[in-house]
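Descriptive analysis of the structure
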Amino acid sequence: MRIREQQGHMGNDDLGPVQEMVRSCIQCGTCTGSCPNSFAMDYTPRTMWRMVLRNESEALFRSRTFSLCSFCYTCTLRCPRGLPLTAAVNALKQLSVRKKVDVCRHSILFDQCFLESIRRHGRVRETEFMMLYFMAMKNPLLPVRFAPLAWKLMRKGKVSLQIPCRSEGRLETLFHKTAKRERIP
Amino acid sequence: MKYLYYPGCSLEGTAREYDRATRALMTALEIPLMEIADWTCCGAGAGETFSHLLSLALPARNLALAEAMAETDQVLSPCSACYVNLKKTETVVREDPATFDTLRALLAEEGLLFQGNMHVHHLLDVLSRDVEIKKIQGLVKNPLAGWVVAPYYGCRCLRPFPVFDDPESPRSMESLIQATGAHVLPWNMGGKCCGASHMNTDPEVAEVLTDAILAAARGAHVIVTVCPMCQLNLEGYQEKLSRRRGSDLRISILYLPQLLGWALGMSVEALGMNLNLSVRNPLRLSVMKGKKEHCLTNVAETLS
């Protein structure tokens, strides 16, 4: 009973637009069969769409399935119902940002740091973006994992140390006005 | 045909050799490129995580800047991620008038007029459809006879917009590769995903995908790519993946315009081939014999 209430509270309104996107899903499993990342997912894509339609918000946003989409668009092209599945995954990601879902926190922070760098400078500064990511993750071991690649890139002179710096970038107003417009439909 | 050129952020950074080779090749093919003045990031995959509107507004700004140049209505992007974002925005103009109006209003506040009349092309689209294959054949000075090349397309130049190739069985690179005198490796991994930015956030997942591509390329001397992210995933982790698999997965990874430029006799510097992370001398290859040897040796020296 309590679960049902919670689901109603979390699910109905939020998942509505995503449910509209996958309403006519026939559960054929073409998405699962096409997904290169399904082997690592706790629920298959097919199951995930069923969960969306059944309003199973709790389990949905605890699962890693949608955050493991690598946006290859294979399911979108193959879906026999022509459903915009990759766009629906993006809609779920946007919901998980608003819900501050923990399971995909790292990939959301990754994208957030990327956007922060382009908001500041107009174009991404790859090293600054990664430094922002390391700082946001607060995991001192994380840079170690990137060290071998960083070393290769530095030897080629392709990346250099960039201390993150703030500046009024060319995209500042566009970011600001887009956010304002989305809040007020 | 001339094109307005949108290089994208990667081509100024970790993929600068892709930019260099693209410009060099297009010059040789007499296809003028005009870089879009003051272009900004397309948002890559990150825009859409936070806002659908932002993910369209960022590319739309660049299309509006392209329009303002009043040179042509054709845009070329070598980066598959940029290409999809720009193409998505082009599609919205046609199919979603309400969103188009919102984008116009947003950009008007920036002092930009967005008319939505640009046509966006991937570099591979232009090379495979806009260039006569005979023209390339005629320009080849350094035939790549004996080379076996694995064409790797990745995802986003094929999907979700099946514009110039069959996303299920892509072949658009084959005639280009054959024009250089090289053989095409028969394989079915050309359109499979490399894991994209999961290599940063969920490496244990992306490594499985990249490993499968590298393993399937056995028998080839080179994998060619048309996307900075595919390139980095395929070239940046070969030692690590080889150790894990217990067998040697190392192989040269070149951008397609580098391979073509090389066949056209361009220098290592002109094509940025000294910047690639994985050039396992195509030069020491046992198949390379005879008169090709001297130019191959030259590369080996420059690269080492």
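Thresholds applied
Residues numbered from 1 in each chain as written. Chains lettered and ligands numbered in written order. Predicted model: local features only at pLDDT ≥ 70, side-chain atom pairs only at ≥ 80, totals over all residues. Heavy atoms only, no water. Salt bridge = Lys/Arg side-chain N within 4 Å of Asp/Glu carboxyl O. Helix = DSSP H or I, 4+ residues; strand = E, 2+ residues; numbered from the N terminus. Buried < 20%, exposed > 50% of the residue type's maximum accessible area, 1.4 Å probe, protein only. Expected span 1.5 Å × (residues − 1). Contact = heavy atoms within 4.5 Å. Pairing = 2+ DSSP bridges. Axes fitted to C-alpha atoms, helices over the stretch in contact; angles between N-to-C directions. Buried area = accessible area lost by both parts, 1.4 Å probe. Parallel < 35°, antiparallel > 145°, perpendicular 65-115°, else oblique. Left-handed = near helix turned anticlockwise from the far one by under 90°. Nonpolar A, V, L, I, M, F, W, Y, C, P; charged D, E, K, R; others polar. pLDDT = per-residue confidence, 0-100.

Take the pattern of salt bridges next. Side chains carrying opposite charge are able to pair once their charged atoms draw close together. Residues and elements named next belong to chain A. In the structure shown here, the tally under the stated rule is 33 salt bridges over all chains. In this structure, D14 engages K99 in a salt bridge whose closest nitrogen and oxygen atoms are separated by 3.0 Å. Of this pair, D14 sits in helix α2 (residues 12-22) while K99 sits in the loop between α7 (85-98) and α8 (105-121), placing them 85 residues apart in sequence. A residue is classified by how much of its surface remains accessible, and D14, at 28% relative accessible area, is partly exposed. You can call K99 partly exposed: its relative accessible area is 23%.

In this section: α8 of chain A. One turn of the α-helix equals 3.6 residues, which is why residues spaced by three or four share an orientation. The terminal C-alpha atoms of α8 of chain A, which comprises 17 residues, lie 24 Å apart, in line with the 24 Å expected from a rise of 1.5 Å per residue. Positive phi appears at G122 of chain A, one or two residues downstream of α8 of chain A, with a value of about 90 degrees.

What follows concerns the environment of V149 of chain B. All names here are of chain B. Note on placement: V149 falls in strand β5 (residues 148-151). Residues V149 and R245, spaced 96 residues apart in sequence, show a C-alpha to C-alpha distance of 23 Å. Not counting residues within four places of it along the chain, the set of residues in contact with V149 comprises I177, A182, H183, V184, L185, V222, V224 and L259.

Below, the discussion takes up the sheet that holds strand β8 (residues 252-255) of chain B. All names here are of chain B. Read across the open sheet, the four strands follow the order β6-β5-β7-β8; overall the sheet is parallel. With one partner strand each, in any of the chains shown, β6 (183-184) and β8 form the two edges of the open sheet. Both β5 and β6 contribute to a ladder of two bridges, which runs parallel. Paired with V148 across the strands is H183, a residue of β6. Where helix α13 (residues 256-263) meets the sheet, it contacts β5, β7 (222-225) and β8, and its direction lies at approximately 90 degrees from that of β8.

Once that is clear, we can look at the interface of chain B and chain A. Each side of the interface is counted separately: chain B has 65 residues, and chain A has 51 residues. A combined buried area of about 5,100 Å² lies between chain B and chain A, and 61% of that area is made up of carbon and sulfur atoms. At the boundary of chain B with chain A, the tally comes to nine salt bridges. A salt bridge links K158 of chain A to E17 of chain B, with the shortest nitrogen-to-oxygen separation between them at 2.8 Å.

Helix α5 (residues 97-108) of chain B packs onto helix α11 (residues 172-183) of chain A with a crossing angle of 140 degrees between their chain directions and a minimal axis gap of 10 Å. Accordingly, the angle class assigned to the pair α11 of chain A and α5 of chain B is oblique. Note that α11 of chain A runs across α5 of chain B; the crossing there is right-handed. Facing L174, K177, T178 and R181 of chain A of α11 of chain A, the residues of α5 of chain B in contact are T102, A105, L106 and L107 of chain B. Among the residues making up the contact of α11 of chain A with α5 of chain B, the classes are represented as four nonpolar, two polar and two charged.

What follows concerns the confidence of the model for chain B. Residues and elements named next belong to chain B. On average, chain B scores 92 in pLDDT, and the residues at 70 or more come to 92%. Here residues 283-295 scores under 50 on pLDDT; set against residues more than four positions off or in separate chains, the count is 19 contacts. In this model, residues 300-304 is a region of pLDDT below 50 whose contacts with residues beyond four sequence positions or in other chains number eight contacts.

Our focus in this paragraph is the pairing of β7 of chain B. The two faces of the sheet receive side chains in turn, since in a regular strand these alternate between them. Residue and element names in this part refer to chain B. With burial as the criterion, each face of β7 is covered, one bearing V222 and V224 and the other bearing I223 and T225. Two strands pair when backbone bridges link them, and β5 and β7 are joined in this way by three bridges, in the parallel orientation. Looking at the pairing, P151 lines up with V224 of β7. Note: β7 against β8, four bridges, orientation parallel. Residue pairing for β8: V224 is matched across the bridge by L254.

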